[in-house]
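Remarks on the overall topology
Listed below, chain by chain, are the residues.
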Amino acid sequence: MDTTATEPVQAYLTATGERLRADGCDVTIEDWGGTPVLIGHRGDFKMRWMATKLHLFTIAAPATRVTAASLETFSTSAMDYVLARKGQLRGLQNGVAVFPALVGTEIEPAAAAWAQEKQRLRFAALARPVAVDARTGAAAAFRGNPSLGFIYAAHLRNKLNAYFPVA
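For the structure given in this document, a descriptive report is provided here.

Each value, and the rule that gives it
- Residues numbered from 1 in each chain as written.
- Predicted model: local features only at pLDDT ≥ 70, side-chain atom pairs only at ≥ 80, totals over all residues.
- Heavy atoms only, no water.
- Helix = DSSP H or I, 4+ residues; strand = E, 2+ residues; numbered from the N terminus.
- Expected span 1.5 Å × (residues − 1).
- Buried < 20%, exposed > 50% of the residue type's maximum accessible area, 1.4 Å probe, protein only.
- Phe/Tyr/Trp six-rings, centres within 6.5 Å; stacked < 30°, edge-to-face > 60°.
- Lys NZ or Arg CZ within 6 Å of the ring centre and 35° of its normal.
- Core = buried A, V, L, I, M, F, W, Y, C linked by side-chain atoms within 4.5 Å.
- Contact = heavy atoms within 4.5 Å.
- Axes fitted to C-alpha atoms, helices over the stretch in contact; angles between N-to-C directions.
- Parallel < 35°, antiparallel > 145°, perpendicular 65-115°, else oblique.
- Nonpolar A, V, L, I, M, F, W, Y, C, P; charged D, E, K, R; others polar.
- Polar contact = N/O pair within 3.5 Å; in protein donor to acceptor, adjacent residues only side chain to side chain.

Comments concerning helix α2 (residues 68-86)
- Here α2 is 19 residues long and its end C-alpha atoms lie 26 Å apart, about the 27 Å a rise of 1.5 Å per residue gives.
- Among the residues of α2, Ser-70, Leu-71, Phe-74, Ser-75, Ala-78, Met-79, Tyr-81, Val-82 and Leu-83 are the ones counted as buried.

As structure tokens, then:
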């Protein structure tokens, strides 16, 4: 992660914040070790999800160069953050999901491949990392149907497409 956001990166993050607000998310900017990080949160309850509530967080940060290692590290930090905020009661009737996104102007192919490979899981929690090229708007992420957490797949895909549109 890099604390210096270029103009395209800052413009993408600003637009992402607007997309999150338009979808009814609470949006804040927090300082993560000197880096301003965009955080959006919404909670949804649906009977078709076996009467569970899903807390969805979108956490986006600037990065000059996005590597598989930096995306993995950021995803772990984002998941830890989400679990500390809403994960205490996860399980039977509550779940948490996070879109940890690094937005940069240089995306290594390995980072895009890592993001698209699969969602990352913990007990009643999942992450779908996103690698965004701010120059082109291309957002690499897993948009498929997993075997675990499949009841949320369509919802997560819709939100992912709304917040990080495919360029």
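Anyway, onward from the coordinates.
Digging into the packing of aromatic side chains
- This model, assessed by the stated rule, comprises four aromatic pairs.
- With a centroid separation of 5.3 Å and 50° between ring planes, the pair formed by Trp-32 and Tyr-81 is classed as tilted. Here Trp-32, found in strand β1 (residues 26-32), pairs with Tyr-81, found in helix α2; they are 49 residues apart in sequence, far enough to count as distant.
- For the pair Phe-99 and Tyr-163, a centre-to-centre distance of 6.3 Å together with 70° between the ring planes defines the contact as edge-to-face. A residue pair is termed long-range when its members are at least 10 positions apart, and Phe-99 in strand β5 (residues 94-104) and Tyr-163 in helix α4 (residues 153-163) qualify at 64 residues. You'll find Phe-99 and Tyr-163 in the same group, each marked buried.
- Among the aromatic residues, those joined into a ring-pair cluster are Trp-32, Phe-57, Phe-74 and Tyr-81.
- In this structure, Arg-19 packs its charged tip against the face of Tyr-12, placed 5.1 Å from the ring centre.

Looking at the nonpolar core
- Membership of the largest hydrophobic core comes to 27 residues, with the highest contact counts inside it found for Ile-59, Val-66 and Val-98.
- Contributing elements (two or more residues each) for this core: β2 (35-46), β3 (52-62), α2, β5, α3 (109-117) and β8 (125-127).
- Leaving out residues up to four positions away in the same chain, Ile-59 has contacts with Trp-32, Val-37, Leu-38, Ile-39, Phe-74, Ala-78, Tyr-81, Val-82, Val-98, Phe-99, Pro-100 and Ala-101.

Focus: the side chain of Ser-75
- Here Ser-75 lies in helix α2.
- In this structure Ser-75 touches Pro-100, Trp-114 and Pro-129, once residues within four positions along its chain are discounted.

What to know about the environment of Thr-76
- When you line up the elements, Thr-76 lands in helix α2.
- Along the sequence, Thr-76 and Pro-129 sit 53 residues apart, while their C-alpha atoms lie 9.7 Å from each other.

What to know about the packing of α2 against α3
- The contact between α2 and α3 brings their axes to 7 Å, and the two run at 40°. It follows that α2 is oblique to α3 by the angle criterion. Packed against α2, whose contacting residues are Ala-68, Leu-71, Glu-72 and Ser-75, the element α3 presents Ala-110, Ala-111, Trp-114 and Ala-115 at the interface.
- Per-class residue counts for the contact of α2 with α3 are six nonpolar, one polar and one charged.

Things to note about the side chain of Arg-120
- Structurally, Arg-120 is set in strand β7 (residues 120-122).
- Engagement of the side chain of Arg-120 in a polar contact is seen with the side chain of Glu-117, the distance being 3.1 Å.
- Discounting chain neighbours no more than four positions away, the residues touching Arg-120 are Met-79, Trp-114, Ala-125, Leu-126 and Ala-127.

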